[in-house]
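# Close look at the chain arrangement
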Amino acid sequence: MYISESIKTYLDKSVLCWLATSSKDNIPNVSPKEVFLHYKNDIIIVANIASPQTVKNIKDNQNVCISFVDVLVQKGYQLKGNATIITKTDAEFMALSSKLLKITEGKFPFSSITKIDVTSAKPIIAPKYVLYPDTTEADQIESARASYGL
């Protein structure tokens with residue numbers, strides 16, 4: 001299993017993630033995603049709300065990378081895997097869409113879902129933790145709040 005309890009925690013806390021895809025000509029695309037969740041085992045599902053390039057790229061090249069970070073703690077994860085586009089005509093669409101509809105409360109329509117089978121995971125940490133090993137999460141939160149004017 002690639003999706004650990006720690007990864008689930010960061011997924012649950014994240015309000016935005018970034019999904020990277022690549023076209024058949026290897027042209028990269030990164031798109032923010034607001035509606036996503038851990039579905040089961042090593043599967044992440046993402047609602048395709050306004051993502052025509054993402055959908056097109058995945059149809060041509062299933063390799064993807066999804067990243068999410070707690071902006072105050074400045075830690076998160078990068079997950080890589082293979083993506084499939086699930087449409088309303090696919091048998092599993094109803095089960096998957098019901099999970100995402102709870103998040104959107106029906107306010108953001110989507111006609112397809114990106115289903116990511118995660119094949120690797122690695123942590124993302126701010127350089128400050130490495131350069132200054134005594135940095136605590138509390139220190140980082142205080143620094144981030146000051147930087148963001150919170």
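Residues numbered from 1 in each chain as written. Predicted model: local features only at pLDDT ≥ 70, side-chain atom pairs only at ≥ 80, totals over all residues. Heavy atoms only, no water.

### Here's the deal with the overall build of the protein chain
Using the following cut-off: Secondary structure elements follow DSSP: runs of H or I no shorter than four residues count as helices, runs of E no shorter than two count as strands, and numbering proceeds from the N terminus. With C-alpha atoms as the basis for the radius of gyration, the globule rule is written as 2.2 Å multiplied by the number of residues raised to the power 0.38. Each residue's exposure class comes from its accessible area (1.4 Å probe, protein chains only) as a fraction of the maximum for that residue type: buried when under 20%, exposed when over 50%, partly exposed otherwise. What makes two residues a contact is simply this: any of their non-hydrogen atoms within 4.5 Å. Areas reported here follow the Shrake-Rupley algorithm with a probe of radius 1.4 Å; residue values treat only the protein chains shown as occluding. Just so you know, the count uses Lys and Arg for positive and Asp and Glu for negative, and it drops His and the chain ends. Taken as the charge location is NZ of Lys, CZ of Arg, CG of Asp or CD of Glu.
Along its length, the protein chain carries 5 helices and 7 strands. Over its C-alpha trace the protein chain gives a radius of gyration of 16 Å, about what one expects of a compact globule, namely 15 Å for 150 residues. Taking the principal axes of its C-alpha atoms as reference, the protein chain extends roughly 50 × 35 × 30 Å. Buried positions account for 41% of the 150 residues belonging to the protein chain. Contacts in the protein chain between residues far apart in sequence, at least 24 positions, make up 66% of those at least 6 positions apart. Here the protein chain displays about 8700 Å² of accessible surface, and carbon together with sulfur accounts for 55% of that area. One finds the centroid of the 17 positive side-chain charges in the protein chain at a distance of 5 Å from the centroid of its 15 negative side-chain charges.

### Regarding the nonpolar core
Spelled out, the test is: Residues belong to a common nonpolar core when they are buried Ala, Val, Leu, Ile, Met, Phe, Trp, Tyr or Cys residues joined through side-chain atoms within 4.5 Å.
If you look at the biggest cluster of nonpolar residues, it comprises 23 residues, and the most contacted ones within it are Ile 7, Ile 44, Ile 66, Phe 68, Leu 79 and Ile 116. For this core, the secondary structure elements donating two or more residues are helix H1 (5-13), strand S1 (17-22), strand S4 (43-48), helix H2 (52-60), strand S5 (63-70), strand S6 (75-87) and strand S7 (112-125). Looking at this core, the element that brings in the most residues is S6, giving 4 residues. Every residue in contact with Leu 79, bar those within four places of it in the chain, is listed here: Ile 7, Ile 44, Val 64, Cys 65, Ile 66, Phe 68, Val 118, Ser 120 and Ala 121. Grouped together as the second largest cluster of nonpolar side chains are 11 residues, Ile 43, Ala 47, Ile 86 and Ile 113 included.

### Focus: the pattern of salt bridges
Quick note on the threshold: Every case where a carboxyl oxygen of Asp or Glu lies within 4 Å of a side-chain nitrogen of Lys or Arg is listed as a salt bridge.
Throughout the structure, instances matching the rule amount to 6 salt bridges. Its salt-bridge partner being Lys 115, residue Glu 92 comes within 3.0 Å of it at the nearest N-O pair. Highlighted residues: Glu 92 in the loop between S6 and helix H3 (93-104) and Lys 115 in strand S7, separated in sequence by 23 residues. Taking the relative accessible area as the measure of exposure, Glu 92 reaches 32% and is therefore partly exposed. Notably, a salt bridge pairs Lys 107 with Glu 105, separated by 3.3 Å at the nearest N-O pair. As far as burial versus exposure is concerned, Lys 107 and Glu 105 are alike and both exposed.

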